[in-house]
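Geometric and topological summary
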Amino acid sequence: MSVLDDDIEATLVTSSEIQQRIAELAAKIDADYADREPLLVGVLKGAVIFMSDLARALSRPSTMEFMACSSYGSSTTSSGVVRILKDLDRDVSGCDILIVEDIIDSGLTLSWLLKNLQARHPASVEVVALLRKPDAIKMPVNVKYVGFDIANEFVVGYGLDYAERYRDLPYIGRLKSSVYQG
Ligand code: PRP
């Protein structure tokens, strides 16, 4: 239990559901990359928790890189204007990139990121996202591996924040409105 649990109105995806789904996604990825080593590209900061569990659930080796992108907007919605805050540390031409995202909301960040990474001449680019909000999509993106489709509401936990907090919760939940209203 965390003191942050008191701020959560409802649990939407439990810790054990997340871990079970990660094991299923990892088995699919292991099979699809049987003859290749995926380069996991984590999108900071939200994907850190998912990426560390996913990498350890894979039975085959992978390597890791991180990018940080910022979409301008309020703390709870995206605007679609993306800039790179931290770029990859190496040339990824010829690599089999697997972008690791915690959530696809409007799809604007991912759409921009796919174009950006494809321009670097990788051998392949695919996406694994723990969460997706089908009703919030503004830019359709091809996502090969999805953990859970969820309703279009603001969620926190398991990497997702509100004002930089709640990323360390092991589950996905909905915040009490009193938290927003101070
Ligand atoms: C979140 C999330 C995705 C993006 C999804 O990141 O991790 O990268 O928003 O939104 P979109 O589909 O509407 O573009 P955020 O910018 O909140 O940064 P963070 O991971 O550091 O919290």
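Up top is the structure.
Residues numbered from 1 in each chain as written. Predicted model: local features only at pLDDT ≥ 70, side-chain atom pairs only at ≥ 80, totals over all residues. Heavy atoms only, no water.

1. Here we look at the nonpolar core
The following threshold applies: Buried Ala, Val, Leu, Ile, Met, Phe, Trp, Tyr and Cys residues form a nonpolar core when they are joined through side-chain atoms within 4.5 Å. Under the scheme applied here, a residue whose accessible area is under 20% of the maximum for its type counts as buried, over 50% as exposed, and between as partly exposed, the area being computed with a 1.4 Å probe on protein chains only. Helix and strand definitions follow DSSP, with helices as H or I runs of at least four residues and strands as E runs of at least two, each counted in order from the N terminus. Whether two residues are in contact is decided by their heavy atoms: any pair within 4.5 Å suffices.
Among the nonpolar cores identified, the biggest contains 27 residues, and F50, V128 and L131 are the most heavily contacted of them. Those elements giving two or more residues to this core turn out to be α1 (15-32), α2 (48-57), β5 (96-104), β6 (124-132) and β7 (145-149). Ranked by the residues each element gives to this core, the list is headed by α1, at five residues. When neighbours within four sequence positions are excluded, F50 is seen to be in contact with I22, L25, V100, E101, V128, A129, L130 and Y158. In this structure, V41, I99, A129 and V143 belong to the second largest nonpolar core, which totals 21 residues.

2. So, the packing of aromatic side chains
Inclusion rule: Side-chain rings of Phe, Tyr and Trp, where Trp is taken by its six-membered ring, are said to pair if the distance between their centres is within 6.5 Å; with planes under 30 degrees apart they count as stacked, over 60 as edge-to-face, and otherwise as tilted. Each ring is checked for a lysine NZ or an arginine CZ that lies within 6 Å of its centre and within 35 degrees of its normal; such an atom marks a charge sitting over the ring.
Counted by the stated rule, this structure contains three aromatic pairs. One aromatic cluster is present, formed by F154, Y162 and Y180 through successive ring pairs. The ring centre of Y33 lies 4.2 Å from the NZ or CZ of R36, which sits over that ring.

3. Looking at the pairing of strand β2 (residues 38-44)
The following threshold applies: DSSP bridges decide pairing: two strands pair if at least two such bridges lie between them.
Of all the seven residues making up β2, six are buried; the element is thus mostly covered by neighbouring parts of the structure. As paired strands, β2 and β5 are joined by five bridges and run parallel to one another. Bridge pairing links V41 to I99 in β5. With six bridges connecting them, β2 and strand β3 (residues 63-71) associate as parallel partners. What sits directly across from L40, in β3, is M64.

4. Describing the environment of D161
Note the cut-off: In protein, a polar contact requires one atom able to donate a hydrogen and another able to accept it; more generally it is a pair of N or O atoms within 3.5 Å, and residues adjacent in sequence count only if both atoms are side-chain atoms.
Looking at where D161 falls in the secondary structure, it is placed in the loop between β7 and β8 (172-175). Each C-alpha atom, one on D161 and one on G46, is 7.5 Å from the other, the two residues being 115 residues apart in sequence. Ignoring any residue separated from it by four or fewer positions in sequence, one finds D161 in contact with F154, V156 and R167. Among the polar contacts made by the side chain of D161, one reaches the main-chain amide nitrogen of E164 at a distance of 2.8 Å.

5. A short note on α1
Put simply, the rule is: Expected span of a helix: the number of residues minus one, times 1.5 Å.
Helix length check: α1, at 18 residues, gives a terminal C-alpha distance of 26 Å against a target of 26 Å (1.5 Å per residue), a fit within 8%. Where α1 is concerned, the buried positions are I18, R21, I22, L25, A26, I29 and D30. Looking at the buried side of α1, the elements it contacts are β1 (8-13), α2, β5, β6, β7 and β8.

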